Amino acid sequence: MRCPYCSGETTQVKDSRPTDENQAIRRRRVCEDCGGRFTTFERVQLREILVIKRSGRRVPFDREKLSRSVEVALRKRPIQPERIERMVSGIVRQLESMGEQEVASQAVGALVMEALKGLDPVAYVRFASVYRDFREAADFHEVLSEIAEGAGPGGSAGRRSGLPSDAPAERRPEAGERKH
Ligand SMILES: [Zn+2]
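Our subject in this report is the structure included herewith.

Here we take up the overall build of the chain. Helix and strand counts for the chain stand at five helices and six strands. For the chain, the N- to C-terminal ordering of α and β elements is β-β-β-β-β-α-α-β-α-α-α. The 180 residues of the chain split such that 32% are buried. Contacts in the chain between residues at least 24 apart in sequence constitute 46% of all its contacts with a sequence separation of at least 6.

Strands sit in the order β5-β4-β6 across an open sheet of three strands; the sheet is mixed. Whereas interior strands pair on both sides, the edge strands pair on one side only; in this sheet they are β5 (58-60) and β6 (102-104). In this sheet, neighbouring strand axes are inclined to one another by 35° on average, regardless of whether the strands run parallel or antiparallel. Pairing geometry for strand β4 (residues 50-52) and β6, over three bridges, is parallel.

Glancing now at the packing of helix α3 (residues 105-119) against helix α4 (residues 121-131). Taken N-terminus to C-terminus, the directions of α3 and α4 make an angle of 160°; their axes are 7 Å apart at the nearest point. In terms of their interaxial angle, α3 and α4 are classed as roughly antiparallel. In the packing of α3 onto α4, the handedness of the crossing is left-handed. Of the residues in α4, those in contact with Q106, G109, A110, V112, M113, L116, K117 and L119 of α3 are P121, A123, Y124, F127, A128 and Y131. Taken together, the residues of the contact of α3 with α4 break down into eleven nonpolar, two polar and one charged.

The subject of this paragraph is the side chain of S105. As for its placement among the helices and strands, S105 is situated in helix α3. Separated by 3.4 Å, the side chains of S105 and Q106 make a polar contact. Each residue touching S105, except ones within four places of it in the same chain, is listed here: V51, I52, K53 and R54.

Looking now at the nonpolar core. Ranked by internal contacts, the top residues of the largest apolar core, which has 30 residues, are L66, L74, V112 and L116. For this core, the elements supplying multiple residues, two or more each, are α1 (63-73), α2 (81-97), α3, α4 and α5 (137-150). Looking at which element gives the most residues to this core, the answer is α3, with seven residues. Dropping the residues within four chain positions of it, L74 is found in contact with I79, I84, L116, L119, D120, A123 and R126.

About the thresholds
Residues numbered from 1 in each chain as written. Predicted model: local features only at pLDDT ≥ 70, side-chain atom pairs only at ≥ 80, totals over all residues. Heavy atoms only, no water. Helix = DSSP H or I, 4+ residues; strand = E, 2+ residues; numbered from the N terminus. Buried < 20%, exposed > 50% of the residue type's maximum accessible area, 1.4 Å probe, protein only. Contact = heavy atoms within 4.5 Å. Pairing = 2+ DSSP bridges. Axes fitted to C-alpha atoms, helices over the stretch in contact; angles between N-to-C directions. Parallel < 35°, antiparallel > 145°, perpendicular 65-115°, else oblique. Left-handed = near helix turned anticlockwise from the far one by under 90°. Nonpolar A, V, L, I, M, F, W, Y, C, P; charged D, E, K, R; others polar. Polar contact = N/O pair within 3.5 Å; in protein donor to acceptor, adjacent residues only side chain to side chain. Core = buried A, V, L, I, M, F, W, Y, C linked by side-chain atoms within 4.5 Å.

Printed below as a string of structure tokens:
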């Protein structure tokens, strides 16, 4: 951290403590060149992301809500809470790294699907059934066959599948339907 007085590049942290109800760290620094003292704050950069719903309405992205829907999909599945937490954090990071102020809810859903695919096939199907609004059994079959195909090169680590390997693929995905 460059000194604001002499632009010297060597400063020492003399004191470091949480502030602002633990939402920031306040540091007292001293410049080694001129002895100037100054304060810096470190805090989480929270860029608000807006989610565009299907209706066109925009709502602030809500990590808790995302977490809950993932937990519902994973209910009674043998996945440790820490892994779920890491998964949610991974999704949030991906959203943030998109660098967009607004993200379509479908894009959020697609990230969740991708993450669940590698984590737990059952949860993946559960989530997909809500996210894609399944109307007929054929939709389930389609997702099941996607999972079966999903273990391709570069695919996520969805190898531990407890899937029916003979999941009928009686309805092929429509042309142009994306897999990612
Ligand atoms: Zn200085």
